[in-house]
Every structure is written in C-alpha cells, then in structure tokens.
Amino acid sequence: IITGCINPVKEQNWLYIKDKDERLRQYLESIRFYLTHCIVRKIVFCENSNYACFMAKQALIKLAKDCNKQLEWLGFNGDSNLVKLHGKGYGEAEIMNYVCSHSSLLKESTQLVKVTGRLIVKNINEIILSTQVNSNYFYRDIYRSHLHGVDTRCYICNIEYFKGYLNNCYE
C-alpha cells in the first residue's frame, strides 16, 4: 500500500513540499520504482485529495501489466479540516481506513506492506524477504527516539491484526 496526498490544502502544516505538481511527480516516481523493482505483485496506491490525473494513472496501470503486477489506484476526499487540526498522520490513518474498506486487492491478501507515497525504500525487497509471513514489523524512528510509538512511514503487518487493532485508530 502506497499512501499519498497529491494536492494538500494550502494551510496544511508539517509539509515540506506543498506544490501539487512536484508532489505528483514524486508519487509517480515512487510508484514506478515499486512496480519495476519490488517483489510485491499487488500494489494499491491511495491518495486523499482525489486529485484527477487520468493519463498518469493509465500509464502506470499499463506499466504494472507489463511488469506482471496489479496496480489499484484509489482516491477520495479526505477530511482536510481534521488533517489540519491533527496533522498528516491523521490523513495517513484515514487513507488506510479507506483502503481497508475499498481495496479489492487487499481483500485478496493476508499481509500488507505500507509505504508513505513519496518515500522510496531502496532495500524494500531485502526487508520483505527477511520477514516471516503473517508477522508484524513496525520500526522505531531512531532519529526521534525521544518520541513514543513507531514510525508509520513503512511497516509490514498482518491484515487481520491491522483491522483488529490499528484500523480506525485515528478516531
């Protein structure tokens, strides 16, 4: 699962890049990377600004087929007021909730790998291959060790565990 927000609201705090064209370019680059370099065969991209980019979406769906993979592209209008109030982590959780409710590829799976959309994890295959099926892997942010919790930019999780303990956690 690749999460994203192509066109965030202008007042959104905690964003380094707010330009929608640059964000779109980075998301497309990330999706291309995972389609061409990652061992995962089913990829869901979901973004919460419901940004229309039909041509780019169709090109990536074609690339997925050429790579013998499936790409599901989901979009919806997230609650930008609550994201402004609670931060981009709220938006990430909202996206994951949407994916759990609407993704046909997720319904066919038992485990998920979640990556924040503009992040390219170059050693993603090594990470995946070092895990045990149906186990959960959450990482601590070593650069912010004073904070409690885990880094949600990348994790691997059993879907039933996610749905039972993490889905709707933003509420």
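Structure's up top.
Let me begin by describing the structure that accompanies this report.

Criteria and thresholds
Residues numbered from 1 in each chain as written. Predicted model: local features only at pLDDT ≥ 70, side-chain atom pairs only at ≥ 80, totals over all residues. Heavy atoms only, no water. Helix = DSSP H or I, 4+ residues; strand = E, 2+ residues; numbered from the N terminus. Rg over C-alpha atoms; globule rule 2.2 N^0.38 Å. Buried < 20%, exposed > 50% of the residue type's maximum accessible area, 1.4 Å probe, protein only. Contact = heavy atoms within 4.5 Å. 1 Å grid on protein atoms, 1.4 Å probe; cavity = no way out; pocket = protein on both sides within 12 Å on 5 of 7 lines; lining within 4 Å. Points joined across faces, edges and corners; volume = space filled by probe spheres on them. Nonpolar A, V, L, I, M, F, W, Y, C, P; charged D, E, K, R; others polar. Disulfide = S-S within 2.5 Å. Expected span 1.5 Å × (residues − 1). Phe/Tyr/Trp six-rings, centres within 6.5 Å; stacked < 30°, edge-to-face > 60°. Axes fitted to C-alpha atoms, helices over the stretch in contact; angles between N-to-C directions. Parallel < 35°, antiparallel > 145°, perpendicular 65-115°, else oblique.

### Considering the overall build of the chain
Inference 1: Assigned secondary structure in the chain consists of seven helices and six strands.
Inference 2: Going residue by residue from the N terminus, the α and β elements of the chain occur as β-α-β-α-β-α-α-α-β-α-β-β-α.
Inference 3: The C-alpha radius of gyration computed for the chain amounts to 15 Å, which stays within 12% of the reference 16 Å derived for 171 residues, consistent with globular compactness.
Inference 4: Referenced to the eigenvectors of the C-alpha coordinate spread, the extents of the chain come out at roughly 40 × 40 × 30 Å.
Inference 5: Split into buried and exposed, the 171 residues of the chain put 44% on the buried side.
Inference 6: Within the chain, counting contacts between residues at least 6 apart in sequence, those at least 24 apart form 72% of the total.

### Some points on the layout of surface pockets
It is a probe the size of a water molecule, rolled over the atoms, that shows where empty space is left.
Inference 1: Size it by volume and the second largest pocket reaches roughly 510 Å³.
Inference 2: Looking at the lining of the second largest pocket, the elements that each hand over two or more residues are β2 (42–47), α5 (104–107), β4 (111–116) and α6 (124–129).
Inference 3: The element contributing the most residues to the lining of the second largest pocket is β4, with four residues.
Inference 4: Partitioning the lining of the second largest pocket into residue classes produces 17 nonpolar, five polar and three charged.

### With respect to the state of the cysteines
Inference 1: Throughout the structure, instances matching the rule amount to zero disulfides.
Inference 2: In this structure Cys5 is not part of a disulfide, and its nearest cysteine sulfur, from Cys46, lies 11 Å away.
Inference 3: Here Cys154 stays unpaired: no disulfide links it, and the sulfur of Cys38, its closest cysteine neighbor, is 9.7 Å away.

### Considering helix α1 (residues 20–37)
Inference 1: Along its 18 residues, α1 runs 25 Å from first to last C-alpha, staying within 8% of the 26 Å computed at 1.5 Å per residue.
Inference 2: Of all the positions in α1, only Arg23, Leu24, Gln26, Tyr27, Leu28, Ser30, Ile31, Phe33, Tyr34 and Leu35 are classed as buried.
Inference 3: Where α1 is buried, its residues touch β1 (2–4), β2, α2 (54–66), β3 (70–75), β4 and α6.

### Section: the packing of aromatic side chains
What describes a pair of aromatic rings is the distance from one ring centre to the other and the angle between the planes of the rings.
Inference 1: For the structure shown, the criterion picks out seven aromatic pairs.
Inference 2: When the centroid spacing of 4.2 Å and the interplanar angle of 10° are considered together, the rings of Phe76 and Tyr98 count as stacked. With a gap of 22 residues between them, Phe76 in the loop between β3 and α3 (80–86) and Tyr98 in helix α4 (residues 88–102) connect regions that are remote in the sequence.
Inference 3: Judged by its relative accessible area of 10%, Phe76 falls in the buried class.
Inference 4: With a centroid separation of 6.5 Å and an interplanar angle of 15°, the aromatic rings of Tyr155 and Phe162 are classed as stacked.

### Some points on the packing of α1 against α2
Inference 1: As a packed pair, α1 and α2 sit with axes 10 Å apart at the nearest point and diverge in direction by 10°. By the angle between their axes, α1 is roughly parallel relative to α2. Residues Leu28, Ile31, Arg32, Leu35 and Thr36 of α1 pack against Ala56, Leu60, Leu63 and Ala64 of α2.
Inference 2: By residue class, the composition of the contact of α1 with α2 is seven nonpolar, one polar and one charged.

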